Each structure stands twice: as C-alpha cells, then as structure tokens.
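Summary of structural features
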Amino acid sequence: MRKWLIWGVLLVLIGGGLYYLQTSVEKQIAEEVKDAIGNDAETNVDLSLQGIELKQGEDGKELWTLKASNGWYQKDESIIDLAEPDIMYFVQPNRDKVHIVAPHGTINQREGIARLWGDVTVSNPKGTITSSELSFEDKKKMLFMTGSVTFTGEGFAGSSDEASWNLKDNQITATGNVTVQFRAAKLNDAVGGEK
C-alpha cells in the first residue's frame, strides 16, 4: 500500500511539473508575440512557427509568396501574426512583380485580409511607395496604404494621406493632400506630351 502511495505522489508531482512547464512556455511564447507585433493585448497562441514560406497559385500560375522570420497562429480567431513579412505578389496577366516588406503583420484567414505596419515598403520596377500601414483585401485584390504615404519613381516623386492600388487593373490612386513633382528630363515620358 505504501509503495502505491509513493508512486501516486510521484505521478502527481511529475504531472504538476509538466503542467507548470507547459503553461510557463505558453506564457513565454505569448510575451514574445506581444513584443514582436507590438500588441498590448493578451495573445492566445496555438502554434509558433519559424522560417515561414507560403505560396498561393491559381490555374497553374503563382499568385503570391509570403515569407516571414517568425509567425504565431491563433486557431480560434484564424489569425496569423507575422514578424518581418516579405510578400511577392504577381499582378496578372503579365505577372508584374509587386514586392511588399514590413516589420510587423497579421493575416486574418477567415476574412482574407492582411495588415502590415511599421515602415511598409511596396515596390515594383517602376517605383516605390512607403507608408505607415498597409491592408490587403484578397477578394478585391486591393492594397490600401495610409499614414505618411510617399511614392517615388523614375521622373517623379510625391506624397498623399492615402493611396490604393487595384491589383486587378494595376492602377494606383492617391487621395488627400496629394502632391506630385515631375523631373523635367522625364516629363515627356510621364505625361506623354512635350516638356
């Protein structure tokens, strides 16, 4: 009887130790997530990932790739929090590349919306747009940039409060306090007229 009591106590101690270890590791991961994504709210992490690379394609064509140094998945909310997201989007039909990088990001898989913040940079061979925050709506194929939006390219530079990029039509629209400066050497190419 005494032997079974000793084994029972040992099992309870081991079980308690494992439970404590699991909860302390979960708390540590949650703290790392809060630090990495700059979120003061408590985070319920179901899975922590390192070296993420995701790809999506359609009809045999790659639509986008996403890389991140770290990620944290919240199953109940269907949300992935990302550290250092790096996205390459291929605008159809010519597969023009749009490269997006930011220090922080989150993807709501249920709603098909990605949000990036920090110093967000969006670039393609024709120019670069920077902003404080960017959201991407997958169904609409739209990028929305807000907060100190600046854009530069060969022969022009400008700024605005907000900008949107329709990836279906490959058209950028700037709104709110828009300023644009053209450099004379490239004015003919930019507007299709004389200098």
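Residues numbered from 1 in each chain as written. Predicted model: local features only at pLDDT ≥ 70, side-chain atom pairs only at ≥ 80, totals over all residues. Heavy atoms only, no water.

Along its length, the protein chain carries two helices and 12 strands. Reading the helices (α) and strands (β) of the protein chain from amino to carboxyl end gives α-β-β-β-β-β-β-β-β-β-β-β-β-α. Burial status across the protein chain gives 30% buried among its 195 residues. Contacts in the protein chain between residues at least 24 apart in sequence constitute 33% of all its contacts with a sequence separation of at least 6. (Helix = DSSP H or I, 4+ residues; strand = E, 2+ residues; numbered from the N terminus. Buried < 20%, exposed > 50% of the residue type's maximum accessible area, 1.4 Å probe, protein only. Contact = heavy atoms within 4.5 Å.)

All right, on to the nonpolar core then. Counting 26 residues, the largest nonpolar core has Val 98, Ile 100, Val 122, Leu 134, Leu 143 and Met 145 as the members making the most contacts within it. Elements that contribute at least two residues to this core include exactly strand S2 (61–74), strand S3 (79–83), strand S4 (86–91), strand S5 (96–101), strand S7 (113–124), strand S8 (127–137), strand S9 (142–153) and strand S10 (156–166). Setting aside its immediate chain neighbours within four residues, Leu 143 contacts Val 98, Ile 100, Val 122, Leu 134, Ser 135, Phe 136, Ala 163, Ser 164, Trp 165 and Leu 167. (Core = buried A, V, L, I, M, F, W, Y, C linked by side-chain atoms within 4.5 Å.)

Once that is clear, we can look at the pattern of salt bridges. Counting across every chain of the model gives five salt bridges. With its nearest N and O atoms 4.0 Å apart, the salt bridge here joins Lys 55 to Glu 62. For Glu 62, a relative accessible area of 25% translates into the label partly exposed. For Arg 115, the salt bridge goes to Glu 133, with nearest N and O atoms at 2.9 Å. With Arg 115 in strand S7 and Glu 133 in strand S8, this residue pair connects regions lying 18 residues apart in the sequence. Classification of Glu 133 by relative accessible area gives partly exposed; the value is 29%. (Salt bridge = Lys/Arg side-chain N within 4 Å of Asp/Glu carboxyl O.)

Right, let's get into the layout of surface pockets. In this structure, the largest pocket encloses a volume near 550 Å³. Lining the largest pocket are 20 residues, with Asn 124, Lys 126, Gly 127, Phe 156 and Ile 172 positioned closest to its centre. Every element with two or more residues in the lining of the largest pocket is listed here: S7, S8, S9, S10, strand S11 (171–175) and strand S12 (179–182). A class-by-class count of the residues in the lining of the largest pocket yields 11 nonpolar, six polar and three charged. One number sums up the size of the second largest pocket: a volume of about 360 Å³. Every element with two or more residues in the lining of the second largest pocket is listed here: strand S1 (47–58), S2, S4, strand S6 (104–108), S7 and S8. A breakdown of the residues in the lining of the second largest pocket according to their chemical character gives 13 nonpolar, four polar and one charged. (1 Å grid on protein atoms, 1.4 Å probe; cavity = no way out; pocket = protein on both sides within 12 Å on 5 of 7 lines; lining within 4 Å. Points joined across faces, edges and corners; volume = space filled by probe spheres on them. Nonpolar A, V, L, I, M, F, W, Y, C, P; charged D, E, K, R; others polar.)

Our next topic: the side chain of Asn 166. Along the chain, Asn 166 falls in strand S10. Here the side chain of Asn 166 touches Lys 168 through a polar contact of 2.9 Å, landing on its backbone nitrogen. Apart from residues no more than four positions distant in its own chain, Asn 166 is found in contact with Lys 141, Met 142 and Gln 171. (Polar contact = N/O pair within 3.5 Å; in protein donor to acceptor, adjacent residues only side chain to side chain.)

Turning next to a nonpolar patch on the surface. A contiguous nonpolar patch, built from Val 178, Val 180 and Phe 182 and spanning about 250 Å² of accessible area, is present on the exposed surface. Along the chain, Phe 182 turns up in strand S12. (Patch = residues over 30% accessible without salt bridge, like charges linked within 9 Å, V, L, I, M, F, W, Y side chains within 5 Å. Areas by Shrake-Rupley, 256 points an atom, 1.4 Å probe, with all protein chains shown as cover.)

Moving on: the pairing of S8. Where S7 meets S8, 10 bridges bridge the pair, whose relative direction is antiparallel. The residue of S8 that forms the bridge with Ile 113 is Glu 137. Linking two consecutive strands that pair antiparallel, namely S7 and S8, is a turn of two residues. One ladder, built from nine bridges, connects S8 with S9; its direction is antiparallel. By the bridge assignment, Ile 129 is partnered in S9 with Phe 151. (Pairing = 2+ DSSP bridges.)

Before going further, it helps to examine the pairing of S6. For S6, the buried fraction is high: four of the five residues fall into the buried class. Note: S3 against S6, five bridges, orientation antiparallel. Note that in S6 the partner of Ala 83 across the bridge is His 104. Bridge count for S6 against S7 is five bridges, and the pairing is antiparallel. Bridged to His 104 within S7 is Trp 117. In sequence, S6 turns back onto S7 through a hairpin of four residues, with Gly 112 there showing a positive phi of about 70°.

These values are about where atoms sit, not about what they do.
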